[in-house]
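In case you want the letters, here they are:
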Amino acid sequence: MGADGGADARGEVTLSPRQARRIAVRAQLLAADRPTDVLDTVRHLGFLQVDLTQVVARHADLALWTRLGEGYEPEDLEELVGDGAVVELAGMLRPSEDVALFRADMESWPGRPPLREWQEELRDWVAANDGCRREILAVLRAEGPTPARDLPDSCEVPWRSTGWTDSKNVMKLLEYMEARGEVAVASREGRERRWDLASRVHPGDPAVPAEEAHRILAARRLRALGIARPRAIEAWQEPFDVRNTGVGARVEGVRGRWRVDPERLADLDDFEGRAAVLSPLDRLIFDRRRIKELFGFDYQLEMYKPAARRRWGYWAMPVLDGDELVGKVDATADREGGVLLVDAVHEDGDWSSARRRRVDAEVDALAAWLGLEPVRA
């Protein structure tokens, strides 16, 4: 059986590594044929992580620009959020209609029995602070959107953590109230979330039954990724793997089984790529094992490492060229100075002059979109 996408007797297809990479790139809307609509792009991707780091640009904006191109402006996303077409849920921007897919899980928070020990601890902590929870709901009901700092902290049992969230009682309680479907992020002012009753923020669509919702989310995840392990890592609070959706697949030279979106099998060899400089949080590269197996690409976000231990830079952005991940661009937006400082372009392997021109052009396009002048070290 050759690597032609043909199915064997078990209905399983065999793909070459290049075919697998092209499926992944096209599924993430990073091929030459760009999408044109912001909301449709968010719907296809499933979610955009809320990360306000602006070393270059906010992740959500950079992810959308990488796909839509120069026609995208941050105001486009802000308008969708302001109109309620896109909502923030558990740190992700999602199409508002998708809230219905999470309602069943909200209603059964912190999970269906039998609960794990950590779920029982969360349940007990929220129950112990039920008085504070009720006070917060009363304030929101009366006042409307309110930042956490203006909400009462009458927690009887403080939140304990070895990290920075220690004693962040109201913040943690709000996050669990969000998970329960009681409150929602109504808006943001800078980095600060303003909370309101979920009934005022989320559409009133009825809950989709949990098992059906999980199947839908698994299928959507496979559609967005193109190819994935049946049991993938849980990342960015996206707890749904792709299950047995799609078609079983093997990738030549890679151990184990995959699932592939069947819609991507019809055009395996009809591929036109382009260069793209990706956010370090881009969904194409978030699973390190996957990009190592399919792309042979070594990458890790290094912003949390000491400077002396960084190989590529604080916010080094992976570089896609066609169906290959080929390097990293270490850059910083100096908005006061009006420049995009390109401190380094790390080339994996030997770049051709044509590849170098394509990547340089993409860096220039990024600077132009930011309204900055590119300055290379």
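Placed above this text is the structure.
Bear in mind that the values here come from a model prediction, so they are computed numbers and not experimental data.

Scoring rules and cut-offs
Residues numbered from 1 in each chain as written. Predicted model: local features only at pLDDT ≥ 70, side-chain atom pairs only at ≥ 80, totals over all residues. Heavy atoms only, no water. Helix = DSSP H or I, 4+ residues; strand = E, 2+ residues; numbered from the N terminus. Buried < 20%, exposed > 50% of the residue type's maximum accessible area, 1.4 Å probe, protein only. Contact = heavy atoms within 4.5 Å. Areas by Shrake-Rupley, 256 points an atom, 1.4 Å probe, with all protein chains shown as cover. Lys, Arg positive; Asp, Glu negative; His and termini not counted. Charge placed at Lys NZ, Arg CZ, Asp CG, Glu CD. Disulfide = S-S within 2.5 Å. Phe/Tyr/Trp six-rings, centres within 6.5 Å; stacked < 30°, edge-to-face > 60°. Pairing = 2+ DSSP bridges. Axes fitted to C-alpha atoms, helices over the stretch in contact; angles between N-to-C directions. Parallel < 35°, antiparallel > 145°, perpendicular 65-115°, else oblique. Nonpolar A, V, L, I, M, F, W, Y, C, P; charged D, E, K, R; others polar. Core = buried A, V, L, I, M, F, W, Y, C linked by side-chain atoms within 4.5 Å. Expected span 1.5 Å × (residues − 1). Arc of directions from axis to C-beta.

Caption draft 1: Fine view of the overall build of the chain. Each helix and strand in the chain was counted, giving twelve helices and 15 strands. Taken over the C-alpha atoms alone, the chain extends approximately 65 × 60 × 40 Å along its principal axes. Looking at the chain residue by residue over its 377 residues, the buried ones come to 52%. Sequence separation of 24 or more characterises 61% of the internal contacts of the chain that already satisfy a separation of 6 or more. In the structure as shown, the chain presents an accessible area of about 17,800 Å², 46% of it carried by carbon and sulfur atoms. Side chains of the chain carry 56 positive and 69 negative charges; the gap between the two charge centres is 5 Å.

Caption draft 2: A look at the state of the cysteines. Scanning all chains against the criterion turns up zero disulfides. Cysteine Cys 132 is unpaired, with the sulfur of Cys 155 as its nearest cysteine sulfur at 3.7 Å. Owing to a relative accessible area of 1%, Cys 132 belongs among the buried residues under this scheme. When its relative accessible area of 15% is taken as the criterion, Cys 155 is described as buried.

Caption draft 3: Region of the structure containing the packing of aromatic side chains. Counted according to the given criterion, the structure contains eight aromatic pairs. Considering the side-chain rings of Trp 109 and Tyr 176, the 5.8 Å spacing of their centres and the 40° angle between planes classify their relative orientation as tilted. One end of the pair, Trp 109, is in the loop between helix H5 (103-107) and helix H6 (117-128); the other, Tyr 176, is in helix H8 (residues 169-179), with 67 residues separating them in the sequence. Under the relative-accessibility criterion, Trp 109 is labelled buried at 17%.

Caption draft 4: Structural view of the sheet that holds strand S13 (residues 324-334). Reading across from one edge, S11-S12-S13-S14-S15 is the order of the five strands in this open sheet, with mixed pairing throughout. Of all strands in the sheet, those with a lone pairing partner are strand S11 (275-277) and strand S15 (373-376), marking the two edges. Ignoring which end each strand starts from, the neighbouring axes of this sheet average 30° apart.

Caption draft 5: Up close: the packing of helix H2 (residues 38-45) against helix H3 (residues 59-68). Packing of H2 against H3 brings their axes to within 11 Å, and their N-to-C directions diverge by 105°. The pairing of H2 with H3 is recorded here as roughly perpendicular in orientation. Counted together, Val 38, Thr 41, Val 42 and Leu 45 of H2 and Leu 64, Arg 67 and Leu 68 of H3 form the full contact between these two elements. Looking at the contact of H2 with H3 residue by residue, the class counts come to five nonpolar, one polar and one charged.

Caption draft 6: Quick peek at the sheet that holds strand S2 (residues 48-49). Reading across the sheet, the three strands line up as S2-S4-S3 and stay open at both edges, with antiparallel pairing between neighbours. Each edge of the open sheet is held by one strand with a lone partner, namely S2 and strand S3 (86-89). Note that S2 and strand S4 (residues 92-95) share two bridges and pair antiparallel. Each bridged residue has a counterpart across the sheet, and for Gln 49 the counterpart in S4 is Met 92.

Caption draft 7: Structural detail: the nonpolar core. Met 317 and Leu 340 are the most contacted members of the largest nonpolar core, which has 41 residues in total. Counting residues per element, the ones that place at least two in this core are H2, H3, helix H4 (74-83), strand S12 (317-321), S13, strand S14 (339-347) and helix H12 (353-370). For this core, the element with the highest residue contribution is H3, accounting for six residues. Excluding residues that lie within four positions of it along the chain, Leu 340 makes contacts with Ala 331, Thr 332, Ala 333, Val 363, Leu 366, Ala 367, Leu 370, Leu 372, Glu 373, Pro 374 and Val 375. Ranked by size, the runner-up nonpolar core spans 30 residues in total, among them Val 13, Ala 20, Ala 31 and Ile 285.

Caption draft 8: Main features of helix H7 (residues 130-143). The end-to-end C-alpha distance of H7 is 20 Å, a good match for the 20 Å that 14 residues give at a rise of 1.5 Å each. Restricting attention to buried positions, one finds in H7 the residues Cys 132, Arg 133, Ile 136, Leu 137 and Leu 140. The buried side chains of H7 occupy one side of the element, clustering within an arc of 140° when seen end-on. In H7, those exposed residues whose orientation departs by more than 90 degrees from the buried face are Arg 134 and Ala 142. Lining the buried residues of H7 we find H6, strand S5 (146-147), H8, strand S6 (183-189), strand S7 (192-197) and helix H9 (198-201). Two residues or fewer past H7, Gly 144 is found with a positive phi of approximately 80°.

Caption draft 9: Spatial organisation of H8. Across the eleven residues that make up H8, a large majority, nine, are buried. Taken together, the buried positions of H8 are occupied by Asn 169, Val 170, Met 171, Lys 172, Leu 173, Leu 174, Tyr 176, Met 177 and Glu 178. Structurally, H8 contributes buried residues whose contacts are with S3, H5, H6, H7, S6 and S7. Count one or two residues on from H8 and you reach Gly 181, which has phi positive near 80°.

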